Amino acid sequence: MSEVHINHVYKRFGDVTAVDDLSLLFKAGEFVSVLGPSGCGKTTLLRMLAGLETPSAGEISIGDKVVNDLPPGSRDIAMVFQTYALYPHMTVRGNIEYPLKKRRTPKAERAVKVKDAAELLQLEELLDRKPRQLSGGQQQRVALGRALVRDPAVFLLDEPLSNLDAKLRAHMRAELIQLHERIGKTMVYVTHDQLEAMTMSHRIAVLRFGVLQQFASPDEVYRKPANEFVAGFIGTPSMNFIAGEIDNSDGKLTFCGGGVALSVQAGLLPDGLIADGDKFLVKMGFRPEDIFIGDQGDDALVSVVEPTGHEVIVLIDLNGNEVVARVNPDVRLKAGDKVKLRFRPDKLHFFGTKEGIRLNV
Amino acid sequence: MSLKKKSRRVLFNLFAWSVIGLIAFPLIWMLVTSIKPQSELFLIPPTLLPSEITFEHYWRLIDETPFLTYMKNSIILALSTTAVVIVIATLGAHSLLRFSYPGRERLAQLVLFTYLLPSVVLIIPLYFLMIWIGLANSLISLVIAYTTFSLPYALWLLRSFMAAIPDDLESAALVDGATRMEAFIDVILPQALPGIISTALFTMILAWNEYLYALVLVNTDESRPLTTGVMSILITSFNIEWSLLMAASVMMSVPLIVAFVFLQKYLTRGFGAGAVKG
Ligand SMILES: Nc1ncnc2c1ncn2[C@@H]1O[C@H](COP(=O)(O)OP(=O)(O)OP(=O)(O)O)[C@@H](O)[C@H]1O
Ligand SMILES: [Mg+2]
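Residues numbered from 1 in each chain as written. Chains lettered and ligands numbered in written order. Predicted model: local features only at pLDDT ≥ 70, side-chain atom pairs only at ≥ 80, totals over all residues. Heavy atoms only, no water.

A word on the interface of chain B and chain A
By a frequent convention, interface size equals the accessible area lost on bringing the separate parts together. We count it as follows: We call two residues contacting when some pair of their heavy atoms lies within 4.5 Å. We define a salt bridge as a contact between a side-chain nitrogen of Lys or Arg and a carboxyl oxygen of Asp or Glu at a distance within 4 Å. We define a polar contact as two N or O atoms separated by no more than 3.5 Å, with the added condition that, inside protein, one atom must be a possible hydrogen donor and the other a possible acceptor, whereas residues neighbouring each other in sequence contribute only through side-chain atom pairs. Labels follow the DSSP assignment, with helices taken as runs of H or I lasting at least four residues and strands as runs of E lasting at least two, numbered in each case from the N terminus. The classification used treats Ala, Val, Leu, Ile, Met, Phe, Trp, Tyr, Cys and Pro as nonpolar, Asp, Glu, Lys and Arg as charged, and all other residues, Gly among them, as polar.
Opposite the 20 residues of chain B that make contact, chain A presents 29 residues. Where chain B touches chain A, the interface holds five salt bridges. Residue D176 of chain B is joined to R150 of chain A by a salt bridge in which the shortest nitrogen-to-oxygen separation is 3.8 Å. Taken together, chain B and chain A are joined by 13 residue pairs in polar contact (both at pLDDT 80 or more). At the level of elements, α7 (167-175) and α8 (180-209) of chain B are the ones that each hand at least two residues to the side of chain B that touches chain A. Its residues assigned to classes, the side of chain B that touches chain A comprises 11 nonpolar, four polar and five charged.

Here it is in structure tokens:
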């Protein structure tokens with residue numbers, strides 16, 4: 001169990017900057033997700049932590065040791081690869097045993113440790129099979145077993161569930177959480193699936209083009225997204241945005257845009273952001289669950305209705321802006337219906353137009 | 001099955017067997033001739049099955065000619081060329097694929113370029129080079145010569161075989177605590193084995209059958225391989241000793257056939273084994 005300290009780390013491949021001035025501190029025993037769209041540098045970051053890639057600049061420490069110059073084998077980390085990377089010519093036992101062999105663990109001790117890992121992951125019956133004779137979920141467990149068996153300080157997991165079907169993925173998610181609770185090791189979990197990040201981690205680091213966007217708890221990332229990108233990336237269906245402006249007349253803030261005029265609740269935006277009598281260009285964001293369809297509010301037109309069972313996703317045309325709402329399935333709606341929309345005043349997010357930075361208090 | 005289908009099958013089989021016959025006949029004739037008594041050699045009509053089976057030609061070959069020396073030379077030559085080529089090509093291919101250093105791609109292209117150079121062009125310079133470094137008329141000179149022209153091809157062949165091995169396998173081994181060399185030996189080599197074996201067979205056949213370089217670079221019986229050796233024993237006088245020639249040919253084919261029989265099963269084994277899922 002060790003903390004991981006990433007200090008102003010860069011990684012460039014020719015012209016591409018895969019990781020750009022990244023600084024993060026993972027606490028000992030923490031389950032951290034690194035989340036971001038494809039190509040944002042997640043794997044590159046993990047490979048740098050593992051020692052498979054050298055940072056172009058910056059420093060990485062594991063525990064209280066700077067590991068920049070340590071080879072992967074000496075870093076006390078274990079990694080589960082996106083492709084699992086099981087050794088095809090070895091049996092399950094051989095695969096799990098391999099890291100122990102490379103660490104010159106005595107044979108008797110090896111056997112015990114392999115047995116323990118196999119038991120923990122329910123692999124006992126499969127020990128003599130080759131990887132190609134296993135299902136995807138079993139292969140995934142073997143990959144985990146190979147990481148577990150030598151009791152590393154830090155686990156690095158690169159989208160370990162992305163190749164499984166939806167049902168198995170949900171199951172393995174739960175198993176991973178349990179596993180983390182049992183062994184309590186620092187885990188760095190890379191994923192582009194925000195649901196995995198939200199459900200499993202203590203904290204989420206959101207990356208985009210190699211740049212850190214936000215590093216906070218799932219709850220905070222969801223409720224107080226640091227910028228427009230995070231706001232749009234986290235949550236399904238994603239947040240709605242309407243461009244407009246806020247004007248200040250006599251200390252009363254009003255948002256105007258998309259044909260809507262809303263008074264902004266006091267305390268939502270920092271005092272003095274907009275001078276009296278001034279205007280400020282913004283983007284207003286609101287989540288699909290934070291609007292209501294009823295008999296009061298702004299006029300809108302239902303364009304598409306998508307029932308999912310426990311809720312209905314409704315696409316609504318609000319004066320030319322497309323807005324997504326989540327509604328109770330008991331509300332009977334169909335395309336073409338004229339409806340009225342209301343916003344939850346305390347759940348409005350405002351972002352600056354330039355960098356998309358969050359303006360809320 | 002309809003009549004049309006049936007007759008198509010018969011025709012197809014007929015065709016296939018006649019092609020096989022066409023290819024196999026000279027080989028069968030070679031074998032038959034080598035065990036016929038000399039007297040039966042030029043009978044008209046020729047006998048397909050000899051009236052009497054004799055091994056006298058084989059005995060003569062072994063007793064009266066340096067055939068066994070040539071055979072030994074050829075075996076040493078084929079094995080050592082293959083060993084040298086495979087060791088260099090495997091490590092070289094790995095380096096060209098997995099290490100990063102400036103000019104790596106250029107180097108790979110350069111290697112291909114040397115392969116495109118006709119090997120005949122190199123004979124005379126190599127001959128002078130061998131004399132100059134004092135290796136003329138030795139087996140080593142042939143090992144060097146054969147290596148120069150089989151290495152580029154072997155390197156490219158292995159490079160494409162090894163490119164199919166996922167990078168993550170090596171990374172996993174490194175994370176598991178292996179050194180780069182250990183990762184290469186434990187993980188890459190077993191995956192590359194089918195490719196290595198086919199490349200080895202290719203190199204071996206090339207070294208076994210090579211004639212031109214052997215003719216130019218080696219002029220003593222102690223170092224002559226089978227190809228030039230057999231020619232020199234059998235075609236020196238005015239007549240060609242057909243029986244001896246056929247016996248020699250049969251014996252020359254045996255080692256290659258043995259190698260194939262042994263290695264064939266490795267050629268297909270391991271292909272498509274699921275290194276990573278999907
Ligand atoms: N070895 C490399 N050489 C050159 N460019 C690379 C290399 N590895 C990664 N990159 C580039 O760096 C960027 C980040 O890649 P990375 O694999 O880290 O993304 P990722 O976030 O893991 O994406 P995914 O979700 O698709 O796995 C990409 O633009 C990629 O093209
Ligand atoms: Mg990746």
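Comments concerning the site of ligand 1
Residues and elements named next belong to chain A. Using the following cut-off: By convention in these notes, a residue is near a molecule or strand provided one of its non-hydrogen atoms lies within 4 Å of it. Where accessible areas are quoted, they stem from the Shrake-Rupley method and a 1.4 Å probe; at the residue level, only the protein chains shown are allowed to cover.
All residues adjacent to ligand 1 are F13, V16, A18, S38, G39, C40, G41, K42, T43, T44, Q82 and E159. Contact distances for ligand 1 include 2.7 Å between an oxygen atom and a backbone N or O atom of G39. Isolated, ligand 1 exposes 630 Å² of accessible area, and the fraction of that covered by the protein chains is 61%. Among the secondary structure elements, those contributing two or more residues to the shell around ligand 1 are β2 (16-26) and α1 (42-50). Sorting elements by how many residues they give to the shell around ligand 1 places α1 first, with three residues.

Description of the nonpolar core
The condition is simple: To define a nonpolar core, start from buried Ala, Val, Leu, Ile, Met, Phe, Trp, Tyr and Cys residues and group those joined through side-chain atoms within 4.5 Å. Any residue under 20% of the maximum accessible area for its type is buried, any over 50% is exposed, and the rest in between are partly exposed; the area is computed with a 1.4 Å probe on protein chains only.
Among the nonpolar cores identified, the biggest contains 59 residues, and L49 and L156 of chain A are the most heavily contacted of them. When residues of this core are assigned to their parent elements, the largest contribution, seven residues, is made by α8 of chain B. Setting aside its immediate chain neighbours within four residues, L156 of chain A contacts L46, L49, A50, I77, A78, M79, V80 and V188 of chain A. Judged by nonpolar contacts, the second largest core, of 37 residues, contains I123, A145, A247 and L256 of chain B.

Describing the packing of helix α2 (residues 92-102) of chain A against helix α4 (residues 136-148) of chain A
The description of two packed helices rests on the angle between their axes and on the distance between the axes. Residue and element names in this part refer to chain A. We count it as follows: To get an axis, a line is fitted to the C-alpha atoms, and for a helix only the part in contact is used. The angle between two axes follows their N-to-C directions and goes from 0 to 180 degrees. Put simply, angles under 35 degrees are roughly parallel, angles over 145 are roughly antiparallel, angles from 65 to 115 are roughly perpendicular, and the rest are oblique. Left-handed describes a crossing in which the near helix is turned anticlockwise from the far one by less than a right angle; the clockwise case is right-handed.
Two elements in contact, α2 and α4, have axes separated by 7 Å at closest approach and are oriented at 30°. With respect to α4, the element α2 is oriented roughly parallel. Here α2 and α4 pass one another in a crossing that is right-handed. Of α4, the residues touching α2 (which contributes V92, N95, I96 and P99) are V142, G145 and R146. Broken down by class, the residue content of the contact of α2 with α4 amounts to four nonpolar, two polar and one charged.

Some words on the side chain of Q194 of chain A
All names here are of chain A. Considering the arrangement of structural elements, one finds Q194 in helix α6 (residues 194-200). We classify Q194 as buried; its relative accessible area is 14%. Other than its neighbours up to four places away in sequence, Q194 contacts L35, F233, I234, G235 and T236.

Remarks on α1 of chain A
Residue and element names in this part refer to chain A. Where burial is concerned, most of α1 is hidden: eight out of the nine residues are buried. Restricting attention to buried positions, one finds in α1 the residues K42, T44, L45, L46, R47, M48, L49 and A50. Directly after α1, the chain includes G51, whose backbone phi takes a positive value near 90°.

Section: the pattern of salt bridges
According to the stated counting rule, one finds 27 salt bridges over all chains in the structure shown. Residues D128 of chain A and R93 of chain A are paired through a salt bridge, measuring 3.2 Å at the closest nitrogen-oxygen approach. Placement of D128 of chain A in the loop between α3 (107-120) and α4 and of R93 of chain A in helix α2 is noted, with a sequence separation of 35 residues between them. Looking at D128 of chain A, the relative accessible area reads 57%, which means it is exposed. By relative accessible area, which is 33% here, R93 of chain A ends up partly exposed. Residue R60 of chain B pairs with E64 of chain B through a salt bridge whose shortest N-O separation is 3.3 Å. With R60 of chain B and E64 of chain B both in helix α2 (residues 56-64) and four residues apart, the pair spans about one turn of that helix. Exposure remark for R60 of chain B: the relative accessible area of 22% places this residue in the partly exposed category.

A closer look at the domain arrangement of chain A
Residues and elements named next belong to chain A. How we decide: Domain start and stop points were drawn from an automatic or database domain assignment. Accessible-area loss on putting two parts together, using a 1.4 Å probe and summing over both, is the definition of buried area adopted here.
In terms of domain boundaries, chain A breaks down into domain 1 (4-233) and domain 2 (240-352). In this structure, domain 1 and domain 2 have C-alpha centres spaced 39 Å apart. Every contact between the two is made by eight residues of domain 1 and, on the other side, seven residues of domain 2. Each partner contributes to the roughly 680 Å² buried at the junction of domain 1 and domain 2, and carbon and sulfur atoms together form 49% of this total. The three residues of domain 1 that bury the most area against domain 2 are Y222, E228 and A231, which together make up 71% of that side's buried surface. At the surface where domain 1 touches domain 2, the tally comes to one salt bridge. The salt bridge partner of E228 is K283, with a shortest N-O separation of 3.0 Å. Our enumeration of links across domain 1 and domain 2 arrives at three residue pairs in polar contact (both at pLDDT 80 or more). Mapped by element, the contributors of at least two residues to the side of domain 1 that touches domain 2 are α7 (218-223) and α8 (228-233).

Points about the sheet that holds strand β5 (residues 65-66) of chain A
All names here are of chain A. Defined as follows: Any two strands between which DSSP finds at least two bridges are classified as paired.
Pairing in this open sheet of four strands is antiparallel, and the strands run β2-β1-β4-β5 from one edge to the other. Edge positions in the sheet fall to β2 and β5, since each has one partner strand and no second. Relative to β5, strand β4 (residues 57-62) is paired through two bridges, and the arrangement is antiparallel. Opposite I62, over in β5, you have K65 as the bridge partner. With respect to the sheet, α1 is in contact with β1 (4-13), β2 and β4, its orientation differing from that of β1 by roughly 120°.

Some details on the layout of surface pockets
We apply this condition: A 1.4 Å probe that fits but cannot get out identifies a cavity on a 1 Å grid over protein atoms alone, an open set with protein on both sides within 12 Å along at least five of seven lines counts as a pocket, and a residue lines either if it has an atom within 4 Å of a point. Grid points are joined across faces, edges and corners, and a volume is the space filled by probe spheres set on the points.
In this structure, the largest pocket encloses a volume near 690 Å³. Lining the largest pocket are 26 residues, with R47 and L52 of chain A together with R98, L174 and R180 of chain B sitting closest to its centre. The biggest single contributor to the lining of the largest pocket is α7 of chain B, with five residues.

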